[in-house]
Amino acid sequence: AEEQLRRLDKVEAVAQLASSIAHEIRNPLAAIKMAVQGLQMDLPERRHQDVLAMILSELDRIDNIAEQFMHLAKRRESQFQVADIRPMCELTVRLMSITARKSGVRVSLSVRGDIPPVRCDVAQLQQVLINLLKNAIEAMPDGGDVEVELLEESGRVVLRVIDHGIGIPEDELPRLGEPFHTTKPHGTGLGLSISHKIIHDHGGTLHLTSRLGEGTVAEVRLPAAPAVRTD
Ligand code: ADP
Ligand code: MG
């Protein structure tokens, strides 16, 4: 548990650092962009225009990356409230289905029984579900089904994201959730570590079980809010 805490502190520190570097990078980037736009006016020849257009598009790419990192640490103050997370799950599954369809993945939600309310920041939990769904979809390059399950089990609200994708090799499992650990060419390796941090802040747990070549189950368990007596 101590090791886990150290890891979470590291996530926070890394996010802060990445965010402030990104912020510093964006100012000179904006200046370069303006200078290049000036050159576009001064150098009308085709061979110059092509190079300048390429420079601008690469500058935009850097700017996009920097912007993503800036949002990392800019997570606003938590807003905890007692809430039913079912509508958030329904909405998120619907939204992510649109992205998933492009890679031939179908996402479905099954809600089993009544779901007790949870003391939570709904926006943060949505971020976790998005992160888990993205990983599930990315694990299925040839398409298929991703199932999201929402249920209650002995005083806990359980949210599972089940994919039938590439799976995770056993020796990779201990490294999951380590900031910047990624096996993807364009991955950030931040989705799981941020999700771990959020779920930890909610007094819950996040576990991944996986079989190589068969798929992965990501399971979030959150304590149900104590029932309010109305009698
Ligand atoms: P990223 O998705 O940017 O790589 P994450 O923190 O979300 O970063 O995930 C870290 C790594 O964990 C991934 O690169 C991948 O190797 C592994 N992983 C996470 N979820 C899954 C999954 N559902 N199936 C297979 N591998 C996964
Ligand atoms: Mg990810």
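Please read these numbers as outputs of a predicted model, since none were measured by experiment. (Residues numbered from 1 in each chain as written. Chains lettered and ligands numbered in written order. Predicted model: local features only at pLDDT ≥ 70, side-chain atom pairs only at ≥ 80, totals over all residues.)

Formed by 37 residues in total, the largest nonpolar core has its most connected members in Val107, Leu133 and Val146. The greatest single-element share of this core, amounting to seven residues, is contributed by helix H4 (residues 122-138). (Core = buried A, V, L, I, M, F, W, Y, C linked by C-beta atoms within 7 Å. Buried ≥ 20, exposed ≤ 12 C-beta atoms within 10 Å, placed from the backbone. Helix = DSSP H or I, 4+ residues; strand = E, 2+ residues; numbered from the N terminus.)

In the vicinity of ligand 1, 22 residues are found, and the nearest of them are Ala139, Thr182, Gly187, Gly191 and Leu192. Residues belonging to the shell around ligand 1 are distributed by class as follows: seven nonpolar, 13 polar and two charged. (Near = placed C-beta within 6 Å. Nonpolar A, V, L, I, M, F, W, Y, C, P; charged D, E, K, R; others polar.)

Looking now at the sheet that holds strand S2 (residues 105-112). Spatial ordering of the open sheet is given by S2-S4-S5-S7-S6, a layout of five strands whose pairing is mixed. If you trace the sheet from one side to the other, it starts and ends with S2 and strand S6 (205-211), each paired once. Direction aside, the axes of adjacent strands within the sheet are offset by 15° on average. As defined by bridge partners, strand S4 (residues 144-153) adjoins strand S5 (residues 156-163) across seven bridges and the pair is classed as antiparallel. Bridge pairing links glutamate 149 to arginine 160 in S5. Contacting S2, S4, S5 and strand S7 (215-223), H4 crosses the sheet at an angle of about 25° to S5. (Pairing = 2+ DSSP bridges. Axes fitted to C-alpha atoms, helices over the stretch in contact; angles between N-to-C directions. Contact = placed C-beta atoms within 7 Å.)

Turning next to unusual backbone geometry. The phi torsion at serine 154 lies on the positive side, around 35°, for a residue other than glycine. Here serine 154 lies in the loop between S4 and S5. By the C-beta count within 10 Å, which is 7 here, serine 154 ends up exposed. A positive phi angle, close to 70°, is found at phenylalanine 180, a residue other than glycine. With respect to the helices, strands and loops of the structure, phenylalanine 180 is situated in the loop between S5 and helix H5 (191-201).

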